[in-house]
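In case you want the letters, here they are:
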Amino acid sequence: MQNGKLHILTDTPSLANHFVAELRDVNIQHDSLRFRRNLERLGELLAYEISKTLPYTTAGITTPLAQTQTQMLQAQPVLATILRAGLPLYNGMLNYFDKAYSTFVGAYRVEEENTELQINMEYLASTDLHDKILILADPMLATGKSLVKAYKGMLRHGKPVQVHIAAVIASPEGVAYVQQEIPEATIWLGALDSHLNDKSYIVPGLGDAGDLAFGPKI
Ligand SMILES: O=P(O)(O)OC[C@H]1O[C@H](OP(=O)(O)OP(=O)(O)O)[C@H](O)[C@@H]1O
Ligand SMILES: O=c1cc[nH]c(=O)[nH]1
Ligand SMILES: [Mg+2]
């Protein structure tokens, strides 16, 4: 884990390293069931780490034997994700924040030779975001353009009180862009990689997360 606004799971040796390693490994990543499940497991771990920083309140509970007290979330966050590749990561987060409302964005990179990368955003269905704790999850933070475009579109549905961005693998360029465009966000990563290649893919990365999870797009 790093400074207050950027946290990296694999900086600390843990099972997160196994899950990220399996996502990257060309001998394992073509098992799409395992690929999706590893994204889901990282969604669960990232949700748990984020949960340690959220506000809690003391609540009483009754066991079969006695009364006791515990700490409960003051409010459920809103979980947001970007289709397609975001779905398994989102599912993992929803396993833990199991009462959260959700926001979905449909966006994809238009990858054409010799033109600047554009993001097509065609679908946005959001719950009310006003004063909510927002967790926006997408497995790959490459240029950061998808996340920034999705977040700015989501602001039409209210201004969150707190913003968390969760990704499995990020590039330094993408992190810098998100920090510049969404300075209020705390960023949570599985791993921070070396750089982007000339096609804006993360290196070493894992390849195309959406294709590995759901098949090649035509
Ligand atoms: O940081 P960026 O440069 O914007 O790239 C990241 C985006 O790329 C992937 O989606 P993709 O566009 O491949 O769509 P898909 O989920 O349908 O495969 C990924 O899930 C992110 O949304
Ligand atoms: O490396 C990358 C970049 C964008 N999308 C991916 O799936 N992988
Ligand atoms: Mg893709």
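Residues numbered from 1 in each chain as written. Chains lettered and ligands numbered in written order. Predicted model: local features only at pLDDT ≥ 70, side-chain atom pairs only at ≥ 80, totals over all residues. Heavy atoms only, no water.

- An unreviewed UniProt entry annotates the protein as Uracil phosphoribosyltransferase originating from Pontibacter populi.

Brief notes about helix α2 (residues 32–51)
1) Next: End to end, α2 covers 28 Å across 20 residues, agreeing with the expected 28 Å (1.5 Å per residue, within 8%).
2) Next: Along α2, the positions that sit buried rather than exposed are F35, N38, L39, E40, L42, G43, E44, L46, A47, E49, I50 and S51. (Helix = DSSP H or I, 4+ residues; strand = E, 2+ residues; numbered from the N terminus. Expected span 1.5 Å × (residues − 1). Buried < 20%, exposed > 50% of the residue type's maximum accessible area, 1.4 Å probe, protein only.)

So, the site of ligand 2
1) Next: Around ligand 2, the neighbouring residues are R109, M140, A142, S200, Y201, I202, G207, D208 and A209.
2) Next: For ligand 2, an oxygen atom lies 2.9 Å from a polar atom in the backbone of I202.
3) Next: Backbone polar atom of A209 to an oxygen atom of ligand 2: 2.8 Å apart, as the coordinates give it.
4) Next: Protein burial of ligand 2: of its 240 Å² of free accessible surface, 91% is covered by the chains. (Near = heavy atom within 4 Å. Polar contact = N/O pair within 3.5 Å; in protein donor to acceptor, adjacent residues only side chain to side chain. Areas by Shrake-Rupley, 256 points an atom, 1.4 Å probe, with all protein chains shown as cover.)

What to know about the packing of aromatic side chains
1) Next: Here the structure, examined in full by the defined rule, presents one aromatic pair.
2) Next: In this structure, R109 packs its charged tip against the face of Y201, placed 5.0 Å from the ring centre. (Phe/Tyr/Trp six-rings, centres within 6.5 Å; stacked < 30°, edge-to-face > 60°. Lys NZ or Arg CZ within 6 Å of the ring centre and 35° of its normal.)

Looking at the environment of A16
1) Next: Tracing the backbone through its elements, the reader meets A16 in helix α1 (residues 15–24).
2) Next: With relative accessibility at 1%, the residue A16 sits in the buried group.
3) Next: Along the chain, A16 and L33 lie 17 residues apart, while their C-alpha atoms are 18 Å from each other.
4) Next: Beyond its immediate chain neighbours, meaning those up to four positions away, A16 contacts L9, T10, L42 and L45. (Contact = heavy atoms within 4.5 Å.)

Considerations on the UniProt feature "domain: Phosphoribosyltransferase" (unreviewed entry) in the protein
1) Next: Mapped onto this structure's residue numbering, the UniProt feature "domain: Phosphoribosyltransferase" (unreviewed entry) falls at residues 15–215.
2) Next: Helix and strand shares over residues 15–215 are 33% and 33% respectively, and the end C-alpha atoms of the span are 27 Å apart. (UniProt positions renumbered as here; feature names shortened; annotations may be inferred.)

Remarks on the environment of I119
1) Next: Relative to the elements of secondary structure, I119 occurs in strand β6 (residues 118–125).
2) Next: Residue I119 is classed as buried on the basis of its relative accessible area, which comes to 8%.
3) Next: For the pair formed by I119 and A150, sequence separation is 31 residues and the distance between their alpha carbons is 9.5 Å.
4) Next: Beyond its immediate stretch of four places on either side in the chain, I119 contacts A107, Y108, R109, K145, S146 and K149.

Re the site of ligand 1
1) Next: In the neighbourhood of ligand 1, 18 residues make up the surrounding shell, with R109, D138, T143, S146 and K217 lying closest.
2) Next: Protein chains bury 95% of the 500 Å² of accessible surface belonging to ligand 1 in isolation.
3) Next: Considering only residue class, the shell around ligand 1 consists of eight nonpolar, four polar and six charged. (Nonpolar A, V, L, I, M, F, W, Y, C, P; charged D, E, K, R; others polar.)

A word on unusual backbone geometry
1) Next: The amide bond that connects L83 to the next residue, R84, takes the cis arrangement and shows omega of 0 degrees.
2) Next: On the secondary structure map, R84 appears in the loop between β4 (78–83) and α3 (86–96).
3) Next: In this structure, the amide linkage connecting V203 to the following residue, P204, adopts the cis form with an omega of 0 degrees.
4) Next: Positive phi, close to 60 degrees, is recorded for N114, a residue that is not glycine.
5) Next: With respect to the helices, strands and loops of the structure, N114 is situated in the loop between β5 (101–110) and β6.
6) Next: Unusually for a residue other than glycine, S200 sits at a positive phi of about 60 degrees.
7) Next: Residue placement: S200 occurs in the loop between β11 (195–196) and β12 (202–203).

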